[in-house]
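Given next are the chains, with one letter for each unit.
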Amino acid sequence: MKKKSAEQLETEIRRHNELYFQKHQPEISDYEFDRLVERLRTLKPDSPVLREIPSDGARLKESGIKVRHVTPMLSLDKCYQEEDLQDWAEKFSGDLVATPKIDGCAVELRYDGAGRLILGATRGDGMVGEDITLNVRMIEGIPAKISSGPVEIRGEIYMSLSVFQKRKEEGFSNPRNLAAGAIKQKDPNKTKEYELSFFGYDVLGVACATELEKFRQLKAWKIPTVEIIEVPRDDMKSAYDYFLKKREQHDYETDGVVYKANLVSEQQRLNFTAHHPRYAIAYKFQGDSGETILKDVEWSVSRTGTITPVGIVEPVELSGAMVSRVSLHNLGLMKQLGLRRGSKVLMMRRGGVIPKLESVVRAGEGAAIVVPAHCPSCEAPTEVREDFLYCTNTKGCRRTQVAELEHFIKAIECDGFGDKLIAQLYDAGLVQDPADFFSLQQGDLLELDRMGETLAAKLLHNVAEKKKIPLDVFLRALAIRELAKHTSKILAQEFRTLEGVLRVTEEELSAIHTIGPVIAKEVVEGLKRKKGLIERLLKHVAVVGVGSPRPGAEGAETAPLQGRKFLFTGSLETMTRGEAEKKVEALGGEMASGVTKDLDYLVTGAEPGSKVEKAKKLQSKGGKVRVLSEAEWQKMLKLAD
Ligand SMILES: [Zn+2]
């Protein structure tokens, strides 16, 4: 890609700025926008355009009464790389805390000596905001009176996703923009209609020694807060992963994780730059939208016999998670999109939790999607009624699917799941395919008849015990006809890793003398059909391939990279970080959390960060860590494979 000049960047940023702030119709994600700004900051730090980017609070045109903030309301510095986070944290001592970063509108609330709410103000430009006192009184979660004062409370007004869903037709692209408009209504009753919510995250003017104490104080005043957790210094990313995982459960949008120094004394020492406090940083979740290629459409049969199209796309990162499947909802909607294989499509994961295929960017050259005439589960004829596709054999179809679940549980020898329980789980919608066993939660199980806490905990324990599955068992568990015990064993021995097995062709397979062409065809097609299931299972389980045991290691089931710890730094050329980590785990290796004495290999991509220095320091002290280039790492994979 050709690098843009500073002048080009300036023009582009100005244009997107206007689209965002004046027209409220952003064309690119916040992430992409921030990248442009970062590049300009590097190329031309004194560019006047950099000063034209307003902070979050200044989204809509300011018009009301101005309020000067006693302490400036600065926006947070942000980063997208773990290394930047580590560099930031090295500048101070003491504990760290983290909270999810709410994507809303920052506000300041002032309470007087009697604890009465006397002022609400937007952030504005950070120095001067706008008086919205009458409107904030209409927001649930902002008490009119608290038990003590005077105090200034800062927090975020936001619109919950469930309220946003109801108001989608108002045409706002995300809940934040809608909330920003809602808090500036001239009529406070109008503001009330928007059902806004509030989370407090800072307290000024009250002696609190730590962030944790501030949160306890907010709770004592009955002000809602987000979750706050302590962050281990040697694994800062764990807080990011924790909140990223939780993101889908929240009824509000989060766009990252805020890390802060816990000690208020450290915060005061660190102070501010002209733009940001130094004691806090936002580690942002990455791109919420992305373009990718539609590879295929699979058909998924529900309990009631509805057959839903599922798009299989080249993996694309949306909001920090790799997405390779997207529900197309129903036949009618799929047809409207006019999908063909190879189409370039726009995927989004914003303002909601489930990835969505928004539109076709460029029609593909590949074949049109064929609507199956037979049910992919039970092979009975299908039928189209209005926008939906159905299996005509509803009862028998359910039986086929439950039988697959039973087969899976038996194959992996997971105790406690009898046929009755499996049918119950299926009918309750808790387990639709074998991968769902691994995401069961205790709360889900307790809803079932005759299920107590002890039994539920035991079942979850049994499932957790099956997170490492030998390759032959894994293959057999997929319930592919002709891939029973004997053939699974042969495949595992011949091709050694799951990747090896998945790459195998009909010709290669039928060359093995006990297999033959009929079985080979059945197996290769079956594996292709189960690709979606395999990918879903791999999110939860590690498949232990058959490798040559390392000297000193016991048993022949040892995976080639077993017992070795890896870490990546910089951007890899041949694959994403996520794919690379999966490779390590598929071969039995482990991911390390940082450069420590346990680390075996540090793999460096383009523009590696401070980790390399750290690794070299360890080496100089006789540490075992080895620094590998991406090419050397590829070689290692080939040998292990
Ligand atoms: Zn069926």
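1. Regarding the coordination of the zinc ion
Moving on, step 1. Protein-derived ligands of the zinc ion are Cys375 (SG), Cys378 (SG), Cys391 (SG) and Cys397 (SG), with the metal-ligand distances lying across 2.2 to 2.3 Å.
Moving on, step 2. Each of the four donor atoms bound to the zinc ion contributes to angles spanning 99 to 115°, and the resulting shape is tetrahedral.
Moving on, step 3. Sequence spacing of the donor residues for the zinc ion, all on one chain, is C-x2-C-x12-C-x5-C.
Moving on, step 4. For cysteine 375, a relative accessible area of 1% gives the class buried.

2. Here we look at the confidence of the model for the protein
Moving on, step 1. In the predicted model, the protein carries a mean pLDDT of 85, and 91% of its residues have values of at least 70.
Moving on, step 2. The low-confidence segment residues 55–63, where pLDDT is below 50, has 30 contacts with residues more than four positions distant or belonging to other chains.
Moving on, step 3. Note that pLDDT drops below 50 for residues 548–558; the model gives that stretch 14 contacts with residues more than four away or on any other chain.

3. Some details on the pairing of strand 15 (residues 344–348)
Moving on, step 1. Judged by which residues are buried, strand 15 turns out to be one-sided: Val345 and Met347 face inward and are buried, whereas Lys344, Leu346 and Met348, on the alternate face, are not.
Moving on, step 2. Sheet topology note: the strand 12 (residues 289–301)/strand 15 ladder contains five bridges and is antiparallel. Within the sheet, the bridge partner assigned to isoleucine 293 lies in strand 15 and is lysine 344.
Moving on, step 3. One ladder, built from five bridges, connects strand 15 with strand 16 (residues 356–362); its direction is antiparallel. Within the sheet, the bridge partner assigned to valine 345 lies in strand 16 and is valine 360.

4. A look at the sheet that holds strand 4 (residues 105–111)
Moving on, step 1. Across the sheet, four strands lie side by side as 5-4-7-8; this open sheet has antiparallel pairing. A single partner strand is all that each edge strand has here, and the edge strands are strand 5 (117–122) and strand 8 (197–204). Pairwise comparison of adjacent strand axes, ignoring direction, gives a mean angle of 25° for this sheet.
Moving on, step 2. Bridging between strand 4 and strand 5 involves five bridges; their strand directions are antiparallel. For glutamate 108, the partnering residue across the bridge sits in strand 5 and is alanine 121.
Moving on, step 3. Each of strand 7 (151–158) and strand 8 is contacted by helix 8 (residues 211–220), which is oriented at about 130° to strand 8, the strand it contacts most.

Conventions adopted
Residues numbered from 1 in each chain as written. Predicted model: local features only at pLDDT ≥ 70, side-chain atom pairs only at ≥ 80, totals over all residues. Heavy atoms only, no water. Donors = N, O, S within 2.8 Å, 3.2 Å for Na, K, Ca; no water. Tetrahedral: all angles 85-135°; square planar, octahedral: opposite > 155°, others 65-115°. Buried < 20%, exposed > 50% of the residue type's maximum accessible area, 1.4 Å probe, protein only. pLDDT = per-residue confidence, 0-100. Contact = heavy atoms within 4.5 Å. Helix = DSSP H or I, 4+ residues; strand = E, 2+ residues; numbered from the N terminus. Pairing = 2+ DSSP bridges. Axes fitted to C-alpha atoms, helices over the stretch in contact; angles between N-to-C directions.

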